[in-house]
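Observations on the model geometry
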Amino acid sequence: MSTQYFKLTHHEGWHSTFAFRVFHRPSEEWVKMRWGFNAGVLLEEALDRARLFIESQSVSETIFFDREQPIRTLALRGINLPDTGVQMSLIGKVTASDQEQAEQAGREYARELASIFPHDFIIEPAETEIAFHQANGTHLFDQKPNIALIQREKVLIPPMRPHQQIQGMWQASNRSNEQIWRALSGTSRITMLNIMIQPSLLFENERKRLFEIKEAIGDTKKETSELHSYYPWVEEYVKRRLSPWKKFFLLQVHVLVDTVVDDSILRSIGSAITRDAANLTLPGYEVVHPASKDEEDEWRDNVQFLTLLPTRGMEDLADIDETFAVFRFPLRHEFGLPGANFVKHPDTGSGNP
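Reference entry: report on the structure contained in this document. Worth saying up front: this structure is predicted, and the values here are computed from it rather than measured.

Cut-offs and rules
- Residues numbered from 1 in each chain as written.
- Predicted model: local features only at pLDDT ≥ 70, side-chain atom pairs only at ≥ 80, totals over all residues.
- Heavy atoms only, no water.
- Helix = DSSP H or I, 4+ residues; strand = E, 2+ residues; numbered from the N terminus.
- Expected span 1.5 Å × (residues − 1).
- Buried < 20%, exposed > 50% of the residue type's maximum accessible area, 1.4 Å probe, protein only.
- Polar contact = N/O pair within 3.5 Å; in protein donor to acceptor, adjacent residues only side chain to side chain.
- Lys, Arg positive; Asp, Glu negative; His and termini not counted.
- Salt bridge = Lys/Arg side-chain N within 4 Å of Asp/Glu carboxyl O.
- Contact = heavy atoms within 4.5 Å.
- Pairing = 2+ DSSP bridges.

Focus on helix α11 (residues 293–304)
Compared with an ideal rise of 1.5 Å per residue, which puts twelve residues at 16 Å, α11 spans 17 Å between its outermost C-alpha atoms and is within 8% of the ideal. Burial in α11 covers these residues: Glu296, Trp299, Arg300, Asn302, Val303 and Gln304. In the segment just after α11, Leu306 is the residue with positive phi, at about 55 degrees.

Quick word on helix α4 (residues 99–116)
Helix length check: α4, at 18 residues, gives a terminal C-alpha distance of 26 Å against a target of 26 Å (1.5 Å per residue), a fit within 8%. Regarding α4, its N-cap is Asp98, as a side-chain oxygen of that residue lies 3.2 Å from the backbone nitrogen of Glu100 further along.

With respect to unusual backbone geometry
One non-glycine residue, Lys144, lies in positive phi territory at about 50 degrees. Inspection of the secondary structure puts Lys144 in the loop between α6 (138–141) and β6 (146–152). One non-glycine residue, Leu306, lies in the positive phi region at around 55 degrees. Examined against the element boundaries, Leu306 turns out to sit in the loop between α11 and β12 (317–319).

Quick look at the side chain of Glu206
Structurally, Glu206 is set in helix α8 (residues 204–223). Nearest to the buried, unbridged Glu206 among oppositely charged side chains is Arg207, at 8.0 Å. Other than its neighbours up to four places away in sequence, Glu206 contacts Leu201, Gly313, Met314 and Leu317.

Quick look at the pairing of strand β9 (residues 191–200)
When you tally the buried positions in β9, you get ten out of ten residues, the bulk of the element. Taking every second residue as pointing to the same face, both faces of β9 are buried, with Thr191, Leu193, Ile195, Ile197 and Pro199 on one and Met192, Asn194, Met196, Gln198 and Ser200 on the other. Pairing between strand β3 (residues 71–81) and β9: seven bridges, direction antiparallel. Bridging across to β9, Leu74 finds its partner in Ile197. Note: β9 against strand β10 (residues 248–257), ten bridges, orientation antiparallel. By the bridge assignment, Met192 is partnered in β10 with Leu256.

Written out as structure tokens, the structure reads:
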């Protein structure tokens, strides 16, 4: 791997942050990489590689509770630069208790990501501080952009007190995120999509709440028809969350704009990652804005330095299927992705059709 720049900071532990710029491979090169016989198979293969990359970032319960293990955080960033295109970046951070461990773990994590990142893309490390800030989007953060958080919509089922509020799920089809990148490309201001993930677990108190919901559903089935339409949905939700050996992440979706955040970009992103499926319809998404200027400053700083925003309970918990639905770089047909314009690779010229 080429030389990598690492930004070392100290605040409630030591943090080592690094960045990669991500580009599409030239279409003629990418098409030749398929194992199957047509472009449809190539898409399936690429999505499988993307999912495997997500799976490789999860951790077991033993590792999660090992205090000696550094904490890993990963962010997918797409920054629309008007008149230039969308710049795609992968930002990583490790947090450790001492400086030496943070430096070593940062080097190891960066090397791992460079080795296993889906080869459908060209991934280039930021080798200098200037290149790091470019990939990180520091120029946008310096402008103190407005910020919004996209979450899964909460379902309110009054008869289920005290567990009447349940959150939906992230869900997408194979090509849902095409809409996200087309909408991002169409913004007239500098706009960043930031998707942040961090390995996590379903903690015991959360597991207990889900069991209580399951029992409540069983009891209300016998007593009232008011919940009749919710039975299959809640049962499927609880079953999926409590499945043995399920791997989880904390996942947040942020949008930052150098002016007021446009509702249209939020709608395009939110609707693309909360789609109904045959076995699980969804309540959709909701947008949360900072409650004050101080909170907005805090949110902005957290996103810049790969720190999850403070939320409650299981609001950020996502299984691997959900994480794969959201944390996904755009794939392009050999003729490009209509309406989406990406920053070109300096050597191959790939990025735009």
